[in-house]
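# Structural overview
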Number of protein chains: 2
Amino acid sequence: MTTVTQPTMTPTAHRILDTAAGLFYEHGLRAVGVERIADEAETTKKTIYDRFGSKDGLITAYLRQRCDRWHDYATAYVKEHQPEPGPDRVLAVLDALDSWMAVNSRGCGFVNAYAELAGTGHEGLPIIAEEKIWTRDHYVALLSEMDIPDAARRGREVALVHEGAIVQLTAGAQPEAMADARALVGRLVADGVAARDATAGTVG
Amino acid sequence: MTTVTQPTMTPTAHRILDTAAGLFYEHGLRAVGVERIADEAETTKKTIYDRFGSKDGLITAYLRQRCDRWHDYATAYVKEHQPEPGPDRVLAVLDALDSWMAVNSRGCGFVNAYAELAGTGHEGLPIIAEEKIWTRDHYVALLSEMDIPDAARRGREVALVHEGAIVQLTAGAQPEAMADARALVGRLVADGVAARDATAGTVG
DNA sequence: AGATAAACATACCGGTCGGTATACTCGCAG
DNA sequence: CTGCGAGTATACCGACCGGTATGTTTATCT
């Protein structure tokens, strides 16, 4: 289930990555030096460069790990809280996001990383896009399994609301953003269900 | 109309701020040093520190300027393209955003700045929130002037889509995000109009 | 003419950056 | 017992960081 970031991750490498992940997310990529990571991970710069090659390599590993973590978290949350297809399953993703944000109060780590990496040819940039695409396609899949018409478009619309909620919740300092998003997505899904049933009625 | 950033902005100070604004937006806050700003603005570090006090002061001035710029741009765009209240006036804000993004391809400068400033007690943080609140309230105002019920909630929902579109367009590498957002907002406004007319019919 | 502010030029400060080099210890598998 | 991978410790590199100091030139306004 959990994707392994490196074929061989030594215990210290794990500790380094976890420490770096926390610091990168909390303070930003450029704000955190390699020496600080070494100190807080209780290791040395030498070991970091032996394991990850460069600071950019460590940043890439951080993004990879965070990407996998969010996918695993969202998938597990939906499976646990809404095992069956239906409108509530879509909303469960927003609930997963809500509880995720409670522990990740600095917003979307990928958007934040994009702010510092865009324009450079950094290896981590495709991972950022990958995460956005995964979340979008996840919504599309949850709508498709309900046989809702135009699931692709509707899924993209839900993803827009999803991303907007994170921005408004953090940079926008708007605590009700999550509730607004949930209400709006609830209506969007209901519209999709209505469209499906209307079509079924026409056909049958 | 245009808010002056400083009571007295010397010509060189203007040049410094414009140069810094371009560099900060394009490469990030920490990625750009004061010396580079001085070089590209064809001035000296001394003059920068004389005019802005510190790099943080310059960053704050940048955010203030960008905030005012976006407000002026959006307001002027709506006034020019949709002088009268109505559904198209709300969509005109998204059109303004669309043309704004064509020249600002690195996403929302405030979200990007938030990525680097959050957690610090930086003076610029309130300006970031201010911009998000302004855009949200702008939508609320455009809906209110149409006498649409629940304009506050609907305006917040439109703002969610607005912010989501920027993220999907840039970090998400999804070119159709703007069109999706426009279509969705068009339906949200239409729903509002329908709710207004339904209520009017009930009352009248 | 004198005063003032703005900008220029340059050198310097302590500190940190990413990254490298050298040399050592430890545990384990052949 | 030997070789090796992993990790430690520390010193070092050049480059750059934000910020300061000193002094000069230029233009404007009384």
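If you're wondering where the values come from, they're calculated on a predicted model, not measured in any experiment.

### Structural notes on the overall build of chain A
- Across its full length, chain A holds nine helices and zero strands.
- Counting from the amino terminus, chain A carries its helices and strands in the arrangement α-α-α-α-α-α-α-α-α.
- For chain A, the proportion of its 204 residues judged to be buried stands at 42%.
- Long-range contacts, defined here as pairs at least 24 residues apart, represent 60% of the contacts in chain A between residues at least 6 apart.

### Points about the relation of the copies chain B and chain A
- Rotating chain B by 180° and translating it 0.0 Å along the rotation axis places it on chain A, where the RMSD comes to 0.1 Å. Overall, the copies show the geometry of a two-fold rotation axis. Nearest to the rotation axis, the C-alpha of Gly 164 of chain B is located 1.9 Å from it, this being the minimum over chain B.
- Mapped onto chain A, 98% of the interface residues of chain B are again interface residues, and the two copies thus contact each other with one and the same surface.

### So, the protein's contact with DNA strand C
- In the neighbourhood of DNA strand C, 22 residues make up the surrounding shell, with Gly 33 and Lys 55 of chain A together with Thr 10, Thr 12 and Thr 43 of chain B lying closest.
- Looking at the surface near DNA strand C, the elements with two or more residues in it are α2 (34–40), α3 (45–52) and α4 (55–81) of chain A together with α1 (11–27) and α3 (45–52) of chain B.
- Here the surface near DNA strand C takes four residues from α3 of chain B, the largest share from any one element.
- Looking at the surface near DNA strand C residue by residue, the class counts come to four nonpolar, eight polar and 10 charged.

### Section: the protein's contact with DNA strand D
- Surveying the vicinity of DNA strand D reveals 22 residues, the closest of which are Thr 10, Thr 12 and Thr 43 of chain A together with Gly 33 and Lys 55 of chain B.
- Elements with a minimum of two residues in the surface near DNA strand D: α1 (11–27) and α3 of chain A together with α2 (34–40), α3 and α4 (55–81) of chain B.
- With four residues, α3 of chain A is the largest single contributor of residues to the surface near DNA strand D.

### Quick word on helix α7 (residues 125–144) of chain B
- Counted at 1.5 Å a residue, the expected span for α7 of chain B with its 20 residues is 28 Å, and the 29 Å between its end C-alpha atoms agrees.
- For α7 of chain B, every residue scored as buried is listed here: Leu 125, Ile 127, Ile 128, Glu 131, Lys 132, Thr 135, Arg 136, His 138, Tyr 139, Leu 142 and Leu 143 of chain B.

### With respect to unusual backbone geometry
- Even without being a glycine, Glu 42 of chain A presents a positive backbone phi close to 55°.
- Of note in the backbone geometry, Asp 150 of chain B takes a positive phi value of approximately 55° without being a glycine.

### Here's the deal with the interface of chain B and chain A
- If you look at the interface, chain B gives 40 residues, while chain A gives 39 residues.
- Mapped by element, the contributors of at least two residues to the side of chain B that touches chain A are α1, α6 (109–117), α7, α8 (151–170) and α9 (177–203) of chain B.
- It is α8 of chain B that provides the largest number of residues to the side of chain B that touches chain A, a total of 13 residues.
- Of the residues in the side of chain B that touches chain A, the class split is 19 nonpolar, 11 polar and 10 charged.

### Considering the environment of Arg 156 of chain A
- Along the polypeptide, Arg 156 of chain A turns up in helix α8 (residues 151–170).
- Placed 24 residues apart in sequence, Arg 156 of chain A and Asp 180 of chain A show a C-alpha to C-alpha distance of 17 Å.
- Those residues in contact with Arg 156 of chain A that sit more than four places away from it in its chain are Arg 136 of chain A together with Asp 180 of chain B.

Scoring rules and cut-offs
- Residues numbered from 1 in each chain as written.
- Chains lettered and ligands numbered in written order.
- Predicted model: local features only at pLDDT ≥ 70, side-chain atom pairs only at ≥ 80, totals over all residues.
- Helix = DSSP H or I, 4+ residues; strand = E, 2+ residues; numbered from the N terminus.
- Buried ≥ 20, exposed ≤ 12 C-beta atoms within 10 Å, placed from the backbone.
- Contact = placed C-beta atoms within 7 Å.
- Least-squares fit on C-alpha atoms with pLDDT ≥ 70 in both.
- Near = placed C-beta within 6 Å.
- Nonpolar A, V, L, I, M, F, W, Y, C, P; charged D, E, K, R; others polar.
- Expected span 1.5 Å × (residues − 1).

That is the geometry; function is a separate question.
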